[in-house]
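# Observations on chain architecture
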Amino acid sequence: MTAHPLVTLQNVTKSFDHVTVIHDVTVNVYPGQVQVLLGENGAGKSTLIKMVAGVYQPDGGQILVDGTETTLPTTRDAERHGIATIHQELNLVASLSVAENVMLGRTPTRFGMVDRTELRRQARAAMALIGLDVDVDTMVGDLGIAQQQLVEIAKALSIDARVLILDEPTAALTRHETQALFAVMADLRQRGVGMLFISHHLDEIAEVGDTVTVIRDGHFIAEVPASTSEDELVQLMVGRSIDDQFPRRADESPALTEVLAVSHLSSAGRFDDISFTVRAGEVVGIAGLVGAGRTEVVRAIAGADRYDSGTVTVRGAQLPRGDVQAAIRAGVGHVPEDRKGQGLVLDASVNDNLGYATLSSSARFGLADFTGQRRRAEAVSETLRIRMNTIEQPIRSLSGGNQQKAVFGRWIIAASTVLLLDEPTRGVDVGAKVEIYELMNSITAAGGAIVMVSSELPEILGMSDRILVMRDGRLAGELSAADATQDAVMTLAARDVATQT
Ligand SMILES: Nc1ncnc2c1ncn2[C@@H]1O[C@H](COP(=O)(O)OP(=O)(O)OP(=O)(O)O)[C@@H](O)[C@H]1O
Ligand SMILES: [Mg+2]
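Remember, predicted model here, so these are calculated numbers, not experimental data. (Residues numbered from 1 in each chain as written. Chains lettered and ligands numbered in written order. Predicted model: local features only at pLDDT ≥ 70, side-chain atom pairs only at ≥ 80, totals over all residues. Heavy atoms only, no water.)

## Quick notes on the sheet that holds strand β21 (residues 466–471)
Strand order in this open sheet of six strands is β18-β19-β20-β15-β21-β22, and the pairing throughout is mixed. Looking at strand neighbours, the two that pair on one side only are β18 (332–335) and β22 (474–480), the edges of this open sheet. For this sheet, the mean angle separating the axes of adjacent strands, direction not counted, is 15 degrees. Inspection of the sheet shows β21 paired to β22 by six bridges, in the antiparallel sense. When the sheet's bridge partners are listed, Met 470 is paired in β22 with Leu 475. Taken strand by strand, helix α15 (residues 430–445) contacts β15 (283–288), β19 (418–422) and β20 (449–453), and its axis lies near 145 degrees from that of β20. (Pairing = 2+ DSSP bridges. Helix = DSSP H or I, 4+ residues; strand = E, 2+ residues; numbered from the N terminus. Axes fitted to C-alpha atoms, helices over the stretch in contact; angles between N-to-C directions. Contact = heavy atoms within 4.5 Å.)

What follows is the structure, encoded as structure tokens:
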């Protein structure tokens, strides 16, 4: 059985501002197969799939659909050929409802009017596919990032596609939701849909993939079966092996100085009576399911949201509620879960984004110290290996993982000593993850304190000294690094387990 490819990128090349980011790469998508694209942050994965999605046009090479040379000048043209795309950066309209977003551009009408009943019905059907249980009339802006990701997936699934492109669809999802997506993918595969799949979670590759195309710096490196071992995949991807995935210093016990104290913090409908402390040198992980209130607690501590009662104290001084600037002055840095919505000013330069927390405070003689800022920004970009052409380019044009590193870099420049990290390595490649963990280690080694929310259990287990587990807005328990296992965490996190009244 040698099926013909549904779509082929044939020896394509792509440049931005005279810098070539894709060099002569060929990728095929076959019916009923999942083609994985693998590469480091900035390798060119999203750029490749955007050429199939009608977002970018190749500068050289060809696009073949069903073996025929084709141009895809717009996303509409791609859709017309049955190509649906789940983009890495969500393309949702915050002020529209879930139903309107899912059906955007394909609104059903009746007698020339929007058929609201039909609109809701079709949207509900799409959401049922992935098991997303929210009211379709909810504004998308009111949803958390994981739920927004599921809406984006539902939107692509509601198009009867022959080719489905998934650019890091699982980055914002927990295991449970990922499984629901994989079940849908298995079904589509059965029905002959061809898929292009991108993920930095290497364990997902063997689970859903058939073939892997590895690219490095925009060059084709290899095509291997999806059953290839993770070690080999890493080797192909980064050109070296990675020995220690979680370089946590296990031997050093944290000092006794309390850096952060959260006491009886409550916010109606979000979280209730949260108390914990973090000492100098400590990493405290917060685990839980999507919707458990982890992000809300961290945002309250960071001053991003107000809360009803309780206190947040940093080195003995109580922080005012809902005051981000006061938190920054107290040395608190916040890496939010939604980098696009809350973390970055997308049209501003990399330099400005890195300087966001410091430029006003480093002012000399009342004037912002632009030269010093740029020097610091360049140094941090180097340390974090942020891949870019120039530090003045808009941060929007950086790859997703490199944008994430920039959010982190801002707090390195600000020399924050209390770091609140919400899914800090989302979309970050395996090599850069280790670099971020090493940075965390250097911060704690210098007496800093870190709170890390993460849905990746291996990361929580690998990097935390203590683990708090949240369930339904409350602390369900605490585990020491020694006692913590995936099972122990999940038992505390899962709603249906505790039935005490
Ligand atoms: N519109 C653009 N303007 C300028 N440079 C761009 C643009 N889009 C992408 N690039 C550059 O192309 C390169 C590849 O980016 P791409 O987004 O394809 O990477 P990626 O493999 O998807 O990475 P990640 O894993 O971080 O998502 C990067 O160096 C990026 O900065
Ligand atoms: Mg990408």
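Next comes the rest of the account.
## A word on the pattern of salt bridges
Side chains that differ in charge, positive against negative, can pair when their charged atoms come close. As enumerated under the stated definition, the model contains 21 salt bridges in all. Among the ionic pairs, Glu 79 bridges to Arg 76, the shortest N-O distance being 2.9 Å. With Glu 79 and Arg 76 both in helix α2 (residues 75–80) and three residues apart, this pair spans about one turn of that helix. Two residues, Arg 191 and Asp 187, come together in a salt bridge whose shortest N-O distance is 3.0 Å. Residue class for Asp 187 comes out partly exposed when judged on its relative accessible area of 38%. Each of Arg 279, Glu 282, Arg 466 and Glu 478 takes part in salt bridges that share partners, so that together they form one network. (Salt bridge = Lys/Arg side-chain N within 4 Å of Asp/Glu carboxyl O. Buried < 20%, exposed > 50% of the residue type's maximum accessible area, 1.4 Å probe, protein only.)

## Thoughts on the side chain of Ser 381
Structurally, Ser 381 can be placed in helix α13 (residues 370–383). On the accessibility criterion, Ser 381 (4% relative accessible area) is buried. Other than its neighbours up to four places away in sequence, Ser 381 contacts Leu 354, Ile 386, Met 388 and Ile 391.

## Quick notes on the site of ligand 1
Close to ligand 1 lie 19 residues, the nearest being Gly 42, Lys 45, Thr 47, Ser 399 and Gly 401. In this structure, an oxygen atom belonging to ligand 1 sits 2.8 Å away from a main-chain N or O atom of Gly 42. Gln 88 is positioned such that a nitrogen or oxygen atom in its side chain is 2.9 Å from an oxygen atom of ligand 1. When ligand 1 sits alone it has 630 Å² of accessible area, and the protein chains cover 89% of it. Among the secondary structure elements, those contributing two or more residues to the shell around ligand 1 are α1 (45–52) and α14 (400–413). In terms of residues, the shell around ligand 1 owes the most to one element, α1, which gives three residues. The class makeup of the residues in the shell around ligand 1 is five nonpolar, 11 polar and three charged. (Near = heavy atom within 4 Å. Polar contact = N/O pair within 3.5 Å; in protein donor to acceptor, adjacent residues only side chain to side chain. Areas by Shrake-Rupley, 256 points an atom, 1.4 Å probe, with all protein chains shown as cover. Nonpolar A, V, L, I, M, F, W, Y, C, P; charged D, E, K, R; others polar.)

## Focus on the nonpolar core
Judged by nonpolar contacts, the single largest core of 56 residues is most densely connected at Val 98, Leu 164, Met 185 and Val 212. Setting aside anything within four residues of it in sequence, one finds Leu 164 in contact with Ala 84, Ile 86, Ala 156, Leu 157, Leu 188, Val 193, Gly 194, Met 195 and Leu 196. Counting residues in each nonpolar core, the second largest holds 32 residues, with Leu 346, Ile 386, Ile 391 and Ala 406 among its members. (Core = buried A, V, L, I, M, F, W, Y, C linked by side-chain atoms within 4.5 Å.)

## A look at the packing of aromatic side chains
Geometrically, a pair of aromatic rings is defined through the distance of the ring centres and the angle of the planes. Per the counting criterion, the structure on display carries three aromatic pairs. Between Phe 182 and Phe 197 the ring centres are 6.1 Å apart and the planes differ by 70 degrees, which places this aromatic pair in the edge-to-face class. One end of the pair, Phe 182, is in helix α6 (residues 175–190); the other, Phe 197, is in strand β10 (residues 194–198), and 15 residues separate them in sequence. For Phe 197, a relative accessible area of 0% puts it in the buried group. Residues Phe 246 and Tyr 437 carry aromatic rings whose centres are separated by 5.5 Å and whose planes lie at 35 degrees to one another, so their mutual orientation is tilted. Note that Phe 246 is positioned in the loop between α8 (230–238) and β13 (258–267) and Tyr 437 in helix α15, a separation of 191 residues in sequence. The exposure class assigned to Phe 246 is partly exposed, which follows from its relative accessible area of 23%. (Phe/Tyr/Trp six-rings, centres within 6.5 Å; stacked < 30°, edge-to-face > 60°.)

## Observations regarding the pairing of β19
With five of five residues buried, β19 is to be regarded as a mostly interior element. Side chains Val 418, Leu 420 and Asp 422 of β19 all project onto a buried face; the interleaved residues Leu 419 and Leu 421 project onto the opposite face, where all are buried too. Judged from the five bridges that link them, β19 and β20 form a sheet pairing that is parallel. Looking across to β20, one finds that Val 418 is bridged to Ala 449. What joins β19 to β20 is α15, and the crossover it makes is right-handed. (Right-handed = clockwise from strand over helix to strand, strands pointing away.)

## Observations regarding α8
By the burial criterion, the buried members of α8 are Leu 233, Val 234, Met 237 and Val 238. All buried residues of α8 fall inside an arc of 105 degrees around its axis, so they share one side. Of the surrounding elements, those touching the buried residues of α8 are β3 (34–38), α7 (203–208), β11 (211–216), β12 (219–225) and α15. Just downstream of α8 lies Gly 239, where phi reads positive at about 80 degrees. (Arc of directions from axis to C-beta.)

## Examining the environment of Ala 183
Along the polypeptide, Ala 183 turns up in helix α6. Judged by its relative accessible area of 48%, Ala 183 falls in the partly exposed class. Taking C-alpha positions, Ala 183 is 32 Å from Asp 244, a pair spaced 61 residues apart along the chain.

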